Amino acid sequence: MATLDDIEALLGEPRFHWSDPAPWDRLERELGVSFPADFREIADAYGPVLINDQVRLDHPGHATRNLGETIKEEIEFWLEEDEDQENIPRKAGALPGELLPVATCSQGETVFLRVPESPSEPWAVGVHEWDSFSFVLHEKPFSDWLLAYLRNEDTTMYSSESDPGRPFYEPMK
């Protein structure tokens, strides 16, 4: 699994440095799911962030860019938009097997975490792309997917906005 050091090596040093677990604990109780450690670590390090002017990742402790609110709004959107499951292969939500929307993108993609069916099953990352109406499931942890994205190795979300070889981020307020 990719580490925060791997992400930092490409993206740069984080500036958010969140250390209070209380917002995560509240969000996890509310949704009934425990987020994967690598996802929490990246969100805690970078906070609400816009990566390569494309991927927006919020944080549960932030007042205006609150991950919990984003997730709830996205679940509601996907439940209304994709009633017949024509766009994503599973229902949006936080129950086992469902797709938990955790990041939105400027080019119309949505990044999901697939909630494991059982505690022994690993998390996976799914990306829905509106232009082609495609959904790609990446059987890997969030940190591995993010590292692949930063290296332009994820064909679902090629990072065309970044300078070749140098991803960047902007903290969001």
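Residues numbered from 1 in each chain as written. Predicted model: local features only at pLDDT ≥ 70, side-chain atom pairs only at ≥ 80, totals over all residues. Heavy atoms only, no water.

**So, the environment of W78**
Then, number 1: Secondary-structure assignment places W78 in helix α4 (residues 67-81).
Then, number 2: Accessibility expressed as a relative area gives 1% for W78, which makes it buried.
Then, number 3: W78 has contacts with E83, N87, I88, A92, T110, F112, H128 and W130, leaving out every residue within four places of it along the chain. (Helix = DSSP H or I, 4+ residues; strand = E, 2+ residues; numbered from the N terminus. Buried < 20%, exposed > 50% of the residue type's maximum accessible area, 1.4 Å probe, protein only. Contact = heavy atoms within 4.5 Å.)

**Looking at a negative patch on the surface**
Then, number 1: A contiguous patch of negative charge on the surface is contributed by E73, E76, E80, E81, E83, D84 and E86.
Then, number 2: Among the structural elements, E81 can be located in helix α4. (Patch = residues over 30% accessible without salt bridge, like charges linked within 9 Å, V, L, I, M, F, W, Y side chains within 5 Å. Areas by Shrake-Rupley, 256 points an atom, 1.4 Å probe, with all protein chains shown as cover. Salt bridge = Lys/Arg side-chain N within 4 Å of Asp/Glu carboxyl O. Lys, Arg positive; Asp, Glu negative; His and termini not counted. Charge placed at Lys NZ, Arg CZ, Asp CG, Glu CD.)

**Here's the deal with the UniProt feature "domain: Knr4/Smi1-like" (unreviewed entry) in the protein**
Then, number 1: Sites flagged by UniProt as "domain: Knr4/Smi1-like" (unreviewed entry) map to residues 24-128.
Then, number 2: Note that residues 24-128 is 31% helix and 23% strand, and that its end C-alpha atoms are spaced 25 Å apart. (UniProt positions renumbered as here; feature names shortened; annotations may be inferred.)

**Details of helix α2 (residues 22-31)**
Then, number 1: Every buried residue of α2 is accounted for by P23, W24, L27, E28 and L31. Down the axis of α2, the buried side of the element spans an arc of 130 degrees, and every buried residue falls inside it. α2 presents R29 and E30 as exposed residues on the side facing more than 90 degrees away from its buried surface.
Then, number 2: G32, located one to two residues past α2, shows a positive phi value of around 75 degrees. (Arc of directions from axis to C-beta.)

**Notes on the packing of aromatic side chains**
Then, number 1: Across all of its chains, the model carries 14 aromatic pairs by this definition.
Then, number 2: Note on F77 and W130: the rings are 6.2 Å apart at their centroids and 75 degrees apart in plane angle, and the pair reads as edge-to-face. With F77 in helix α4 and W130 in the loop between β5 (124-129) and β6 (134-138), the pair connects residues that are 53 residues apart, well separated along the chain.
Then, number 3: Under the relative-accessibility criterion, F77 is labelled partly exposed at 34%. (Phe/Tyr/Trp six-rings, centres within 6.5 Å; stacked < 30°, edge-to-face > 60°.)

**Examining the packing of α2 against helix α3 (residues 37-46)**
Then, number 1: Interhelical geometry of α2 versus α3 gives an angle of 135 degrees and a closest axis separation of 12 Å. Classified by the interaxial angle, the pair formed by α2 and α3 is oblique. For the element pair α2 and α3, the recorded crossing hand is right-handed. Contacts between α2 and α3 pair W24, D25 and E28 from the former with F39, R40, A43 and D44 from the latter.
Then, number 2: Among the residues making up the contact of α2 with α3, the classes are represented as three nonpolar, no polar and four charged. (Axes fitted to C-alpha atoms, helices over the stretch in contact; angles between N-to-C directions. Parallel < 35°, antiparallel > 145°, perpendicular 65-115°, else oblique. Left-handed = near helix turned anticlockwise from the far one by under 90°. Nonpolar A, V, L, I, M, F, W, Y, C, P; charged D, E, K, R; others polar.)

**Thoughts on the sheet that holds strand β2 (residues 55-57)**
Then, number 1: The seven strands lie next to each other as β6-β5-β4-β3-β2-β1-β7, forming an open sheet whose pairing is antiparallel. Two strands close off the open sheet at either side, each with one partner strand: β6 and β7 (169-171). When the angles between neighbouring strand axes are averaged without regard to direction, this sheet yields 25 degrees.
Then, number 2: Bridge count between strand β3 (residues 99-105) and strand β4 (residues 109-114): five bridges; the pairing is antiparallel. Among the inter-strand pairings, A103 is bridged to a residue of β4, identified as V111. (Pairing = 2+ DSSP bridges.)

**A few points about the nonpolar core**
Then, number 1: Within the largest apolar cluster, 41 residues are counted, with the highest numbers of intra-cluster contacts made by F35, L100 and V111.
Then, number 2: Per element, the largest residue contribution to this core is six residues, and it comes from helix α5 (residues 142-150).
Then, number 3: Not counting residues up to four positions away in its chain, the partners in contact with V111 are L100, P101, V102, A103, C105, V125, G126, V127, F142, W145 and M157.
Then, number 4: Judged by nonpolar contacts, the second largest core, of six residues, contains W78, I88, L99 and F112. (Core = buried A, V, L, I, M, F, W, Y, C linked by side-chain atoms within 4.5 Å.)

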